[in-house]
Every structure is written in structure tokens, then in C-alpha cells.
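Now for the letters of each chain:
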Amino acid sequence: MSSNRADREAALLAIANLLGAGRASEAEVAAAVLLRDAPANIEGQRLRAIALLKLGRIAEAREALVAALATAPDSVEVLCNLGSVELALTWFLLALRLHC
């Protein structure tokens, strides 16, 4: 395994740990840094989308997952996360309609 790949794997693990610790803002920043160097990294895109969702940035999370899906259309993880985002977006729009 190359050092570059090992570094990416370590960064992905760190991002996942940040998410698990409830530190979504830090996870989003770390994922964005990773994606600057490896923009096609599907797991990085997915973890960034999860962070965005946890931060309430639902539309951005959806955009990130749609972009990941374009690269990896058969990714079960991306599809599941996109389903979660779509559900959150539906609830948000429903709440908006009921309260405005």
C-alpha cells in the first residue's frame, strides 16, 4: 500500500471517528481537505455528506451524494445515505409547509 493511500485511509478513519464523536463540523472540514487532494474519493464524498446532513445542511448533503452517485452508481452506502438525505429533506419541506 502506498503512503498516499495509507494517508487517505487514515484520514477517512479520522473523519469517521469525528462523526462518531459528534464533531460534524470538524469532520466536514477534514473531508473537504481530503477531497481537495482526492476529489474522486467516494468514501470521502460520502462522509462529507454525512457531516453536512448532521450540520443541517441538507441540500449540500444531497448535492454531495448525487455527485458521489455519478461516480459510483452501484454504491449501496451512497444510495442508503442519499435515501436518508431525501427523507430529511422531505420532513424539512413538510415542516416548512405546516409552519409557514
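Scope of this entry: the structure provided in the associated data block. Residue numbers run consecutively from 1 along every chain, following the written order of its sequence. Selection of residues for local features in this predicted model requires a pLDDT of at least 70, selection of side-chain atom pairs for listing and counting requires 80 or more, and totals for whole chains, interfaces and linings are taken over all residues. Water and hydrogen atoms were dropped before computing side-chain values, which therefore reflect all heavy atoms in the structure.

## Overview of the nonpolar core
Line of reasoning, step 1. Note on terminology: a nonpolar core comprises buried Ala, Val, Leu, Ile, Met, Phe, Trp, Tyr and Cys residues joined through side-chain atoms within 4.5 Å. Each residue is assigned to one of three classes by its accessible area relative to the maximum for its type, calculated with a 1.4 Å probe on protein chains only: buried under 20%, partly exposed between the two thresholds, exposed over 50%. Within the largest apolar cluster, 12 residues are counted, these being Ile42, Ala49, Leu52, Ile58, Ala61, Ala64, Leu65, Ala68, Ala72, Val78, Leu82 and Val85.
Line of reasoning, step 2. We count a stretch as a helix when DSSP gives it H or I for four or more residues in a row; a strand needs E for two or more, and each element gets its number in order from the N terminus. Of all the elements in the fold, those that place two or more residues in this core are α3 (42-54), α4 (58-71) and α5 (76-99).
Line of reasoning, step 3. By definition in these notes, contact holds between two residues if any of their heavy atoms fall within 4.5 Å. Once residues within four sequence positions are removed from consideration, leucine 52 is found in contact with Glu28, Arg57, Glu60, Ala61 and Ala64.
Line of reasoning, step 4. Residues Leu12, Leu19, Ala31 and Ala51 belong to the second largest nonpolar core, which totals 11 residues.

## What about the pattern of salt bridges?
Line of reasoning, step 1. In what follows, salt bridge is the name for a side-chain nitrogen of Lys or Arg lying within 4 Å of a carboxyl oxygen of Asp or Glu. One pass over the full model with this rule turns up 5 salt bridges.
Line of reasoning, step 2. When the shortest N-O distance is used, the salt bridge between arginine 48 and glutamate 28 registers 3.0 Å. Taken together, the residues span a long stretch of sequence, with arginine 48 in helix α3 and glutamate 28 in helix α2 (residues 24-37) at a distance of 20 residues.
Line of reasoning, step 3. The salt bridge partner of arginine 62 is glutamate 86, with a shortest N-O separation of 2.5 Å. Of this pair, arginine 62 sits in helix α4 while glutamate 86 is found in helix α5, placing the two residues 24 residues apart along the sequence.

## Digging into α2
Line of reasoning, step 1. The end-to-end C-alpha separation of α2 is 20 Å, in line with the 20 Å expected for 14 residues at 1.5 Å each.
Line of reasoning, step 2. When α2 is considered as a whole, its buried residues turn out to be Ala24, Ala27, Glu28, Ala31, Leu34 and Leu35. All buried residues of α2 lie within an arc of 125° about the axis, which places them on one face of the element. Those residues of α2 that are exposed and angled more than 90 degrees off the buried face are Arg36 and Asp37. Multiply 1.5 Å by the residue count of a helix minus one, and that product is the helix's expected span. By arc we mean the arc of the directions from the helix axis to the C-beta atoms, nothing more.

## Looking at the packing of α4 against α5
Line of reasoning, step 1. Running from amino to carboxyl end, α4 crosses α5 at an angle of 150°, the nearest separation of the two axes being 9 Å. Accordingly, the angle class assigned to the pair α4 and α5 is roughly antiparallel. As α4 runs across α5, the sense of the crossing is left-handed. For the pair α4 and α5, the contacting residues are Ile58, Ala61, Arg62, Leu65, Val66, Ala68 and Leu69 in the first and Val78, Leu79, Asn81, Leu82, Val85, Glu86, Ala88, Leu89 and Phe92 in the second.
Line of reasoning, step 2. Classification convention: Asp, Glu, Lys, Arg as charged; Ala, Val, Leu, Ile, Met, Phe, Trp, Tyr, Cys, Pro as nonpolar; all other residues, Gly among them, as polar. Per-class residue counts for the contact of α4 with α5 are 13 nonpolar, 1 polar and 2 charged. Angles shown run from 0 to 180 degrees and are taken between the N-to-C directions of axes, each axis being a line fitted to C-alpha atoms and, for helices, limited to the stretch in contact. With respect to orientation, any angle under 35 degrees is reported as roughly parallel, any angle over 145 as roughly antiparallel, any angle of 65 to 115 as roughly perpendicular, and every other angle as oblique. Two helices crossing with the near one rotated counterclockwise from the far one by less than a right angle form a left-handed crossing, whereas a clockwise rotation gives a right-handed crossing.

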